[in-house]
Amino acid sequence: MSSSMPGPPPDPYDPQANPYATPAPPAQPPQYPGAGYPAAPPVYPGAAGMPTQPNNGMGTAALVCGIVGLVCGITYVLWVFAVILGVLAITFGAIGKGKVGRGQANNGGSATAGLVCGIIGMVLPVIYILAVDAALDSIF
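The rules behind the values
- Residues numbered from 1 in each chain as written.
- Predicted model: local features only at pLDDT ≥ 70, side-chain atom pairs only at ≥ 80, totals over all residues.
- Heavy atoms only, no water.
- Helix = DSSP H or I, 4+ residues; strand = E, 2+ residues; numbered from the N terminus.
- Buried < 20%, exposed > 50% of the residue type's maximum accessible area, 1.4 Å probe, protein only.
- Contact = heavy atoms within 4.5 Å.
- Areas by Shrake-Rupley, 256 points an atom, 1.4 Å probe, with all protein chains shown as cover.
- Axes fitted to C-alpha atoms, helices over the stretch in contact; angles between N-to-C directions.
- Parallel < 35°, antiparallel > 145°, perpendicular 65-115°, else oblique.
- Left-handed = near helix turned anticlockwise from the far one by under 90°.
- Nonpolar A, V, L, I, M, F, W, Y, C, P; charged D, E, K, R; others polar.

### Some words on the overall build of the protein
- Regarding its fold elements, the protein presents 3 helices and 0 strands.
- Going from the N terminus to the C terminus, the protein shows its helices and strands as α-α-α.
- Burial status across the protein gives 17% buried among its 140 residues.
- Considering only contacts in the protein between residues 6 or more positions apart, those separated by 24 or more positions represent 69%.
- Here the protein has roughly 10,700 Å² of accessible surface; of this, 71% comes from carbon and sulfur atoms.

### Topic: the packing of helix α1 (residues 57-74) against helix α3 (residues 108-139)
- Contact geometry for α1 and α3: axes closest at 7 Å, N-to-C directions at 20 degrees. Overall, the two elements α1 and α3 adopt an arrangement that is roughly parallel. Between α1 and α3 lies a crossing of left-handed hand. The segment α1 lies against α3, with Gly59, Ala62, Leu63, Gly66, Ile67, Gly69, Leu70, Gly73 and Ile74 engaging Ser110, Ala111, Ala113, Gly114, Cys117, Gly118, Ile120, Gly121, Leu124, Pro125 and Tyr128.
- Broken down by class, the residue content of the contact of α1 with α3 amounts to 12 nonpolar, 8 polar and no charged.

### Details of the packing of helix α2 (residues 79-102) against α3
- At a closest axis distance of 7 Å, the pairing of α2 and α3 adopts a crossing angle of 155 degrees. Compared by their axis directions, α2 and α3 come out roughly antiparallel. Two packed elements cross with a definite hand, and for α2 against α3 that hand is left-handed. Seen from α2, the contacting residues are Trp79, Ala82, Val83, Gly86, Val87, Ala89, Ile90, Gly93, Ala94, Gly96, Lys97 and Val100; seen from α3, they are Gly108, Ala111, Thr112, Gly114, Leu115, Gly118, Ile119, Gly121, Met122 and Pro125.
- Looking at the contact of α2 with α3 residue by residue, the classes come out as 13 nonpolar, 8 polar and 1 charged.

So, in structure tokens, the structure goes:
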């Protein structure tokens, strides 16, 4: 009593034997010479590439630090922040002006305005302190 089937076992991936099997991939069309993507054009020495974007971060940072430092310098209570932000504005403004001079940035006006605002923001607390000192000396 043997129940053996003659021949090879059925293929589980055969579409006729298993309706849920994945279909066979389609036959590849013949490849002809020159078919596909065209060749890249030759690159010549000295050819211009993509233009670089201007690096305006330092000038913008100088302007922001300078304006905030100037506002802090006007309010006498925040003179510490005015000095810190003034130093940052002067540093960023000088770096930004250097980048404008080298052609890496194009916002020289923002860098200059940040530099000036940073200097004024640092000088105002000094003037306030000297004025308060002179007023105290005249009273006592």
